[in-house]
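Structure assessment
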Amino acid sequence: MNEGARVGTAAVRIQGLWKRFGEQVAVAGIDLELPAGRFIGLVGPNGAGKTTTLSMVTGLLRPDQGTVEVVGHDVWRDPVEVKARIGVLPEGLRLFERLSGRELLAYTGRLRGLPGAEVDKRATQLLDVLDLAGAQHKLVVDYSTGMRKKIGLAAALLHNPEVLFLDEPFEGVDPVSAQTIRRVLERYTASGATVVFSSHVMELVESLCDWVAVMAAGRIRAHGPLAEVRGDAPTLQQAFLELVGAHDRDAASDLDWLGGGVR
Amino acid sequence: MTSTTTTLVQLKLSLLRGGLRQSTGRRAAYIASAVFTLLFAALQLLGLILLRGNAHADAVIVLLVAVLALGWAVMPLFFPGGDETLDPTRLVMLPLRPQPLVRALLAASLVGIGPLFTVCMLIGSVLAVAHGAAAYVVGVVAVALALLVCVALARAVAAANLRLLTSRKGRDLAVLSGLVIAVGAQLVNFGAQRLGSAGLGQLEPAADVLRWVPPASALGAVDAASEGSYGIAAAQLALTALALAALLAVWARHLNRLMTSPDGSTLQAMAETAVRGRSSTGMARLLPGGRTGTAMERSLRYVWRDPKTKAAWVTSLAIGLIVPVFNALQGTGSIYFACFAAGMLGIQMYNQFGQDTSAFWMVAMTISSTRDAYVELRARALALLVITLPYATLVTVLTTAMLGDWPRLPEVLGLSFALLGAMLATGAWTSARFPYSIPQEGYKNVAPGQVGLAWIAIFGGMVAAALLCAPVIILTILINTSADGDAWSWLLLPVGTAYGAALTYLGLRLAAPRTAQRLPEILTAVSKG
């Protein structure tokens, strides 16, 4: 992750991105450039607009306004170039659950136009690495949350994308599966690919990412290399709370009756 | 021992009360169903009393009780969530012995609307056939025995299948229950029509067998006692009692196993994997490569594996067969009813992306041109044709054979194929234009707020399909009314087929650009609920 080597190359370039759902503004004008070859974390509290942003960046949701470019190609005008280069693991959308894990990978890979033999080879390796080999013939509907995230990740990686978008990949995942996912993602970025993932767990972002963008109420509050965004604060958590203005909220005085002792 | 029984009966009552307290809607539904059931029970009681004296009364009640018992046996399979006391594994942590537990659960089962309805029906049945004091005495015993057999039957079936019922497969099965009821209603309707025209005497042969099958045998005993054949009556009562004992033994054995072995849902999931791994490769070899074969394979797998899709397909297949064939059987049919099969099956092309649910994003991520969208839609139409084409042909040939109208076979086939093509074309177009969500849980097939959309899609599409078929229909009429029409009617087969194929092609061509441009909007529409 040499700082100078990749200057000028942006994996994702977002300009003036807006999205409203009725009265509510979900994304209120985002301008953001995500550098290539980094492990990028998009952090923010629930309802900050992370999922909406990622959906618009990956072409799953049409923005009201603004443009998105992925590795130099416009997502909405040039979908052929973009869709072949990105892998996506959305949050809150289903998979084809009535296929087995292996069938799901075979289906995705072939739809992406990869040759059948190559798909089967890659699927076998991904299933092995992600500890899913034992459950590969089980239907995805019978998978646990962690297994679903892992098979979704495998499907997103199958065509070896340049940029990988993961929406809350660690949500509801047990520590063992989380470690497996981490290992795979670290190996993937080490080869020069870009990972963009969203999370509201600061410790996780801090330990995984080298570049972060902080989102709150539909806007980007800060972005840049991890150390820069953290600044003088001891942890990203502290820096984040200061950024979103929640650091001085003191709960103790309101709930002085709470605790052991006299009821 | 008695304390267990009282506790469980009280538990059942509290569960009932607790369920009612949960929401006013639920209370209203329960009270409404209770009133409806009691009303129905009163009516059938009246009906059965009126039946008294009819020569075939005995046959009717024996059949009635047999059907009632069948209902009890099937009930737990379809409504596993309906009765929480049905699930004995909830009591697994309590120190209970099997024998008192069986007694207590049986007693608890007797509380509820279902048993009340059954008692009313059984009493009515006894009143319909009993003559003389001895018969009434036998009747009292018969009602008790029959009721217990019914309840024990439901319990034994539930206990034997509890592994299935608490697993995902069981919940899948529940989705299919509405379908069984719908098709069953068609059959009952058909049977009732036959009875109406041919008289109750037709029931006698079936009743002669059933009067020896418990719990109907208990009512057979009442009838036998009325006629003075006390030996037969005693034998039939003994048979019922024996059946009750056997059912209780089966139930107790399953209960014992359930309470002492681990929860079955995981074991079940493990067991089914072995079978599935092998069966999956055969189909792929027969299908073309690329997106076409891949999308076809997934569509066909979903017909079998996805309960909602399966229910829709089985309904279409069943109704597409029942309407033309039963009408032909009754002699009121026209050979043109055979087109019904093509029409019913063509409906499956509608709302293709809604059938994917929000998993449509996986497809959307791989569609980046109009060409991709066209191939995707074509693959789905082809998957449909793999089943529909042979089936529509089969139904048409079958209907023709039953009516013996072979010269008309080509034109009806041509008409069927033209209709099928029109349905596929409008289906593809409405899939792209009016997508809507299909909720995966429960019986609803449209998400709230999208009902209007679904109506436009389905009925607008069907009207459009009928209009698109008009040229072939007019041609058929012209050929049939012209003097030497019979010589030319074979022409309708190639013309209809070609016309249908052309319509499908055009429909797919028109739907493809719209699909490719509106992927995010379609995804949003099918992700609700």
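Keep in mind that this is a model prediction, so the values were computed, not measured.

**Section: the side chain of Ser489(B)**
Residue and element names in this part refer to chain B. One can find Ser489 in the loop between helix H22 (485–488) and helix H23 (492–517). Residue classification places Ser489 among the buried residues on the basis of a relative accessible area of 7%. Those residues in contact with Ser489 that lie beyond four places of it in its chain are Pro407, Pro410, Glu411 and Ile479.

**A look at the interface of chain B and chain A**
Contacts between the two partners involve 39 residues from chain B, matched on the other side by 33 residues from chain A. Carbon and sulfur atoms make up 64% of the area that chain B and chain A hide from each other, which totals about 3300 Å². One can count four salt bridges joining chain B with chain A. Among the ionic pairs, Glu521(B) bridges to Arg62(A), the shortest N-O distance being 2.6 Å.

**Here's the deal with the UniProt feature "domain: ABC transporter" (unreviewed entry) in chain A**
Residues annotated by UniProt as "domain: ABC transporter" (unreviewed entry) correspond here to residues 12–242 of chain A. In the segment residues 12–242 of chain A, helix accounts for 38% and strand for 27%; the C-alpha atoms at its two ends are 27 Å apart.

**Looking at the pairing of strand E4 (residues 65–70) of chain A**
Two faces belong to every sheet, and in a regular strand the side chains alternate between them. Residue and element names in this part refer to chain A. Sheet topology note: the strand E1 (residues 10–21)/E4 ladder contains five bridges and is antiparallel. Its bridge partner being in E4, Ile14 is matched across the sheet by Val68. Count of turn residues in the E4/strand E5 (residues 73–74) antiparallel hairpin: two residues, of which Val71 carries a positive phi of about 35°.

**Some remarks on the sheet that holds E5(A)**
All names here are of chain A. Pairing within the open sheet is antiparallel, and its four strands lie in the order E2-E1-E4-E5. Each edge of the sheet is formed by a strand with only one pairing partner; in this case those strands are strand E2 (24–35) and E5. Relative to the sheet, helix H1 (residues 50–57) contacts E1, E2 and E4, its axis offset from that of E1 by approximately 120°.

**Digging into a nonpolar patch on the surface**
All names here are of chain B. A cluster of nonpolar side chains, namely Leu321, Leu329, Leu398, Met402 and Leu403, defines an oily patch on the protein surface of about 380 Å² accessible area. Elements that contribute at least two residues to the nonpolar patch include exactly helix H15 (307–329) and helix H19 (370–403). By residue number, the principal contributor to the nonpolar patch is H19, which donates three residues. Of note, Leu329 is situated in helix H15.

**Points about the environment of Ile49(B)**
All names here are of chain B. For Ile49, the position within the fold is in helix H2 (residues 24–51). What makes Ile49 partly exposed here is its relative accessible area of 38%. Distance from Ile49 to Val213, taken between C-alpha atoms, is 23 Å for residues 164 residues apart in sequence.

**Concerning the sheet that holds strand E3 (residues 39–43) of chain A**
All names here are of chain A. Within the open sheet, the six strands sit side by side as E6-E7-E8-E3-E9-E10. Their pairing is mixed. Bordering the open sheet on either side are strand E6 (86–89) and strand E10 (219–225), each of which pairs with just one other strand. Mean inter-strand twist for the sheet, computed between neighbouring axes without regard to direction, equals 15°. Bridging between strand E9 (residues 211–216) and E10 involves six bridges; their strand directions are antiparallel. Paired with Trp211 across the bridge in E10 is Pro225.

**Regarding helix H5 (residues 113–129) of chain B**
Residue and element names in this part refer to chain B. For H5, spanning 17 residues, the distance from its first C-alpha to its last is 25 Å, which sits close to the expected 24 Å at 1.5 Å a residue. Judged by how many residues are buried, H5 sits mostly within the fold: twelve of 17 residues are covered. Buried within H5 we find Ile113, Pro115, Phe117, Thr118, Cys120, Met121, Leu122, Gly124, Ser125, Val126, Ala128 and Val129.

**Section: the packing of aromatic side chains**
Using the criterion set out here, one finds nine aromatic pairs over all chains in the structure. Aromatic side chains Phe96(A) and Tyr107(A) sit 5.3 Å apart centroid to centroid with 80° between the ring planes, which places their arrangement in the edge-to-face category. Taken together, the positions of Phe96(A) in the loop between E6 and helix H3 (101–111) and Tyr107(A) in helix H3 put the pair eleven residues apart, joining distant regions of the chain. In this structure, Phe96(A) and Tyr107(A) share a single accessibility class: buried. Arranged with centres 6.3 Å apart and planes meeting at 80°, the rings of Tyr374(B) and Tyr505(B) form a pair that is edge-to-face. Residue Tyr374(B) is located in helix H19, and its partner Tyr505(B) is located in helix H23; the two are separated by 131 residues in the primary sequence. For Tyr505(B), a relative accessible area of 44% translates into the label partly exposed. Clustering of aromatic rings is evident, with ring pairs tying together Phe39(A), Phe170(A) and Phe197(A).

**Some details on the nonpolar core**
One finds Val70(A) and Phe197(A) to be the most contacted residues of the largest nonpolar core, which totals 115 residues. Once residues lying within four places of it in the same chain are set aside, the contact partners of Val70(A) are Ala11(A), Val12(A), Val57(A), Val75(A), Val82(A), Ile86(A), Val163(A) and Phe165(A). Val102(B), Ala104(B), Phe117(B) and Leu237(B) belong to the second-largest nonpolar core, a separate cluster that totals 64 residues.

**Points about the packing of helix H14 (residues 290–305) of chain B against H19(B)**
Residues and elements named next belong to chain B. Interaxial distance between H14 and H19 falls to 8 Å at its minimum, and their mutual angle equals 45°. In terms of orientation, H14 and H19 fall into the oblique class. For H14 against H19, the interelement crossing comes out right-handed. Side by side, H14 and H19 meet where Arg291, Thr292, Ala295, Met296, Arg298, Ser299, Leu300 and Val303 of the first sit next to Asp372, Val375, Glu376, Arg378, Ala379, Arg380, Leu382, Ala383, Val386 and Ile387 of the second.

Calculation criteria
Residues numbered from 1 in each chain as written. Chains lettered and ligands numbered in written order. Predicted model: local features only at pLDDT ≥ 70, side-chain atom pairs only at ≥ 80, totals over all residues. Heavy atoms only, no water. Helix = DSSP H or I, 4+ residues; strand = E, 2+ residues; numbered from the N terminus. Buried < 20%, exposed > 50% of the residue type's maximum accessible area, 1.4 Å probe, protein only. Contact = heavy atoms within 4.5 Å. Buried area = accessible area lost by both parts, 1.4 Å probe. Salt bridge = Lys/Arg side-chain N within 4 Å of Asp/Glu carboxyl O. UniProt positions renumbered as here; feature names shortened; annotations may be inferred. Pairing = 2+ DSSP bridges. Axes fitted to C-alpha atoms, helices over the stretch in contact; angles between N-to-C directions. Patch = residues over 30% accessible without salt bridge, like charges linked within 9 Å, V, L, I, M, F, W, Y side chains within 5 Å. Areas by Shrake-Rupley, 256 points an atom, 1.4 Å probe, with all protein chains shown as cover. Expected span 1.5 Å × (residues − 1). Phe/Tyr/Trp six-rings, centres within 6.5 Å; stacked < 30°, edge-to-face > 60°. Core = buried A, V, L, I, M, F, W, Y, C linked by side-chain atoms within 4.5 Å. Parallel < 35°, antiparallel > 145°, perpendicular 65-115°, else oblique. Left-handed = near helix turned anticlockwise from the far one by under 90°.

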